[in-house]
Amino acid sequence: MAETKREIERKYEATGDDVRLPDLTKVTGVAGVVDKGVAELDAVYYDTQDLRLAADSLTLRRRTGGDDAGWHLKFPVATGIRDEIRAPLSPDVPRTLAALLRSRVRDTRLTPVVRLLSSRHVRHLLDGDGTLLAEVSVDAVRAERLSPAPGATAAWTEVEVELADDVDPALLDRVEKRLRKAGLRPSHSASKLARALAETAPDAPDTPVVLVVEKAPATDKTTDKTTDKTTDETTAGDHVLGYLRAQRDALVDLDPAVRRDLPDSVHQMRVATRRMRSAFKSYGKVLDRTVTDPVGEELKWLAGELGVDRDQEVLTERLQGRIAALPRPLLLGPVRGRLRIWSVARRSGSRRKTIAVLDSKRYLALLDTLDALLDGPPLRPAARRPVAQVVPKAVLKDYDRLAGRIAHALELGPGGPRDLAMHDARKAAKRARYAAEAAKPALGAPAKKFARRMKAVQTVLGDHQDSVVAREALRGLAIQAHLAGESAFTWGLLHGQEAATAADRERELPEVWRKASRPGLRERLLA
C-alpha cells in the first residue's frame with residue numbers, strides 16, 4: 001500500500017568535498033542538534049529511455065538503506081516542495097506507482113537510468129521540548145549512468161535540510177542564513193537525479209553547471225495559459241498550437257492528480273478537455289477540422305466520463321443547500337434521508353469507473369492521438385498569417401454566434417423551448433470565453449476583458465441551466481416520496497424555488513448581455 005508524505009526541503013552545495021556544518025544551535029528556535037550517524041543509501045532511478053519523467057521533474061527510485069527503504073515517486077508541488085509517494089520494496093515497479101505515471105509513460109518501458117550511492121551523515125534539529133524541527137544531512141554522492149549511454153560517473157557532496165511535519169517553513173530561512181555564512185550556497189540543481197543526469201550525459205562539460213527549473217504543478221490551475229508569449233512575428237499557427245499544447249500538458253499532468261483524488265482535479269481535467277475541444281472549433285481557419293473534429297469527439301467522451309459523478313455531486317450539494325435553508329416546519333417527511341438514498345442510487349460507482357477510464361485503451365489512444373496531432377498539425381493557409389490577422393476574427397465569430405443564440409432565447413416565452421435555447425447560449429458563451437482566454441497572449445487586455453464579460457454571461461446562463469436540472473431531479477424525488485407514502489410538499493416547495501431562480505436569471509440576462517456587448521468591443525479586439 002502506497003503512502004504519501006509532503007517533503008519540504010532545500011539543498012546546498014560547497015566548492016569542495018570537505019563540508020563542515022556551522023553550529024546550528026545558533027539558529028533561533030533550535031535548542032539542540034543530535035548526531036544520528038551515517039547511513040549508506042543505494043538508489044536506482046527509473047525513467048523511459050527518452051527521460052520523460054525527468055523532463056517533468058518527476059523522480060522514481062528504488063532505494064535500500066536508511067529508515068525509509070522502498071520505492072519512492074516524487075511529484076513537484078512548488079519550488080522546494082514535493083509529494084513523495086512511497087511503496088514497499090519489490091523487484092518491479094509497484095502497480096500503484098506505475099498507474100500514476102501512465103499518462104506520461106503509456107506503453108513505454110521504465111528502465112534504470114542512474115544509480116546513486118550516498119553516504120549520508122544525518123543530524124536532527126530539536127526544539128526545547130526535544131521535538132524534531134528538521135533533518136540536516138551531508139550527502140557524499142557517487143552517481144553512475146546506467147542508460148542511455150551507460151558508464152559515466154560523477155561525484156559531489158551536498159547538504160540537504162528537510163523540514164519536519166507541521167513545522168513553520170520560516171525555520172528553513174533561518175537555517176539557510178546560517179549555512180550561507182558558513183560558505184554554503186543553494187544548489188543549482190532541483191534534485192540529485194537532475195544533477196546526475198546532467199553530469200553523466202555523453203556531452204556533459206568538464207565543469208558542469210546544472211540549471212533545473214521545477215515544472216509548475218497541474219493543480220495550480222494554470223491551464224488557461226500558453227507557455228509562449230506572442231510577438232509580432234508569431235503566426236496564428238504557432239499561437240494556437242502553443243495554447244493546445246498547454247491543454248494537452250494539463251491533461252497529462254492532471255491524470256495522476258485525479259488518480260490520487262486531489263481536490264478539484266477532476267474538474268480541472270474536464271476544463272482542459274473542453275478548452276482543447278473549443279479551440280479546435282474556434283480556430284478552424286488555423287487547423288483542419290476534418291482532422292480535429294474526430295479528436296474533439298474523443299475529448300467530449302472523456303469529459304463526459306469524468307463528469308458523471310461530479311455533476312451528481314454538484315446537484316446534490318445544491319439540493320442540500322436548499323433544504324438547509326428551509327425552516328424546520330416546512331420539512332415534511334424524511335426529506336434528508338430521501339435525498340441521501342436518491343443520491344447514493346444515482347452514483348455510478350464512480351471512483352472505480354473514473355480510474356478504469358484512465359486505464360482504458362481508448363483514453364491512452366487519445367493521448368497518443370493528441371501528441372501526433374500536435375507534432376504534425378493539420379495546418380490550413382491561415383496558420384501562416386500573423387496572429388493579429390486571424391485570432392481576433394475567430395473570437396468575434398464566436399461572439400456573433402453567442403449573440404444570435406441569446407437573441408433567439410430572449411424571443412421565446414418561458415418554458416421548455418426557452419430552457420433549451422438558454423442552454424445552447426450557455427455553451428456558446430463558454431466557447432466565446434475560452435476563445436478569448438486563448439487569445440490573451442496575442443490581444444492582451446482587450447481579450448482579458450472580453451473573457452471576463454463572457455464569463456459573466458456564462459454564469460447567469462449556467463445557474464439557469466442548473467435550475468432546470470434541479471427541477472427535473474426534484475420532480476423525480478417528489479414522485480418517489482409520493483409512491484412511498486411520504487409527503488411531497490417539501491419537494492414541491494423546492495421545485496417552486498428553483499422555478500423562481502430560473503425566472504430571476506431570465507430577467508437578469510438582457511441586462512448582463514447589454515453590459516457584455518456594449519459598443520466598442522469589436523474595435524478594441526481588432527485594434
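The rules behind these values
- Residues numbered from 1 in each chain as written.
- Predicted model: local features only at pLDDT ≥ 70, side-chain atom pairs only at ≥ 80, totals over all residues.
- Heavy atoms only, no water.
- Helix = DSSP H or I, 4+ residues; strand = E, 2+ residues; numbered from the N terminus.
- Buried < 20%, exposed > 50% of the residue type's maximum accessible area, 1.4 Å probe, protein only.
- Contact = heavy atoms within 4.5 Å.
- Areas by Shrake-Rupley, 256 points an atom, 1.4 Å probe, with all protein chains shown as cover.
- Lys, Arg positive; Asp, Glu negative; His and termini not counted.
- Charge placed at Lys NZ, Arg CZ, Asp CG, Glu CD.
- Core = buried A, V, L, I, M, F, W, Y, C linked by side-chain atoms within 4.5 Å.
- Salt bridge = Lys/Arg side-chain N within 4 Å of Asp/Glu carboxyl O.
- Pairing = 2+ DSSP bridges.
- Expected span 1.5 Å × (residues − 1).
- Axes fitted to C-alpha atoms, helices over the stretch in contact; angles between N-to-C directions.
- Parallel < 35°, antiparallel > 145°, perpendicular 65-115°, else oblique.
- Left-handed = near helix turned anticlockwise from the far one by under 90°.
- Nonpolar A, V, L, I, M, F, W, Y, C, P; charged D, E, K, R; others polar.

A. Fine view of the overall build of the protein. Counting its secondary structure elements, the protein contains 16 helices and 9 strands. Counting across all 527 residues of the protein, residues that qualify as buried make up 48%. Taking as baseline every contact in the protein between residues at least 6 positions apart, the subset at least 24 positions apart corresponds to 72%. Total accessible area on the protein stands at roughly 25,400 Å², and carbon and sulfur atoms take up 52% of it. The protein carries 90 positive and 76 negative side-chain charges, and their two centres are separated by 6 Å.

B. Local environment of the nonpolar core. Of all hydrophobic cores here, the largest spans 67 residues; its most connected members are Tyr283, Val395 and Val457. Ranked by residue count, the leading element in this core is helix H13 (residues 416-443), at 11 residues. For Val457, the contacting residues outside a window of four places in its chain are Ile406, Ala429, Leu509, Val512, Trp513 and Ala516. In terms of nonpolar packing, the next biggest core, distinct from the first, is built from 20 residues, Leu125, Val159, Val161 and Val167 among them.

C. The pattern of salt bridges, seen in detail. A full pass over the atoms with the stated rule returns 52 salt bridges. Residue Arg433 is joined to Glu437 by a salt bridge in which the shortest nitrogen-to-oxygen separation is 3.0 Å. With Arg433 and Glu437 both in helix H13 and 4 residues apart, this pair spans about one turn of that helix. The buried category is assigned to Glu437, whose relative accessible area is 6%.

D. The pairing of strand S6 (residues 111-126), seen in detail. When strand S2 (residues 32-47) meets S6, the two strands line up antiparallel, connected through 15 bridges. Among the inter-strand pairings, Ala43 is bridged to a residue of S6, identified as Leu116. In this structure, S6 lies alongside strand S7 (residues 132-145), joined through 13 bridges in antiparallel fashion. Across the sheet, the residue bridging to Ser118 is Val141, located in S7. Between S6 and S7, which pair antiparallel and follow one another directly, the connecting turn spans 5 residues, one of which, Gly130, has a positive phi of 80°.

E. How the structure looks around the pairing of strand S1 (residues 3-13). One ladder, built from 6 bridges, connects S1 with strand S5 (residues 81-87); its direction is antiparallel. Within the sheet, the bridge partner assigned to Glu7 lies in S5 and is Arg82. Where S1 meets strand S8 (residues 153-163), 5 bridges bridge the pair, whose relative direction is antiparallel. Residue pairing across strands places Arg10 opposite Val161, the latter belonging to S8. Relative to strand S9 (residues 185-186), S1 runs antiparallel, the two being bridged by 2 bridges. Bridge assignment links Glu13 to a residue of S9, and that residue is Arg185.

F. View of the side chain of Glu7. Locating Glu7 in the fold gives a position in strand S1. In contact with Glu7, not counting residues within four places along its chain, are Lys74, Gly80, Ile81, Arg82, Glu84 and Glu162.

G. Structural view of helix H12 (residues 387-411). The end-to-end C-alpha distance of H12 is 37 Å, a good match for the 36 Å that 25 residues give at a rise of 1.5 Å each. Among all positions of H12, only Val387, Val390, Val391, Pro392, Ala394, Val395, Leu396, Asp398, Tyr399, Leu402, Ile406 and Ala409 are buried.

H. Local environment of the environment of Ser467. Tracing the backbone through its elements, the reader meets Ser467 in helix H14 (residues 445-483). Taking the C-alpha atoms as reference points, Ser467 and Arg318, separated by 149 residues in sequence, lie 9.3 Å from one another. Among all residues touching Ser467, those that are not within four sequence positions of it are Arg318, Glu498, Ala499, Thr501 and Ala502.

I. The arrangement of the packing of helix H9 (residues 335-346) against H14 in detail. Axis separation between H9 and H14 bottoms out at 11 Å; the angle between their running directions is 115°. Between H9 and H14, the angle falls in the class roughly perpendicular. The handedness of the crossing between H9 and H14 comes out as right-handed. Only Ala473, Leu477, Gln480 and Ala481 of H14 make contact with H9, whose side of the interface consists of Arg338, Leu339 and Trp342. Taken together, the residues that form the contact of H9 with H14 break down as 5 nonpolar, 1 polar and 1 charged.

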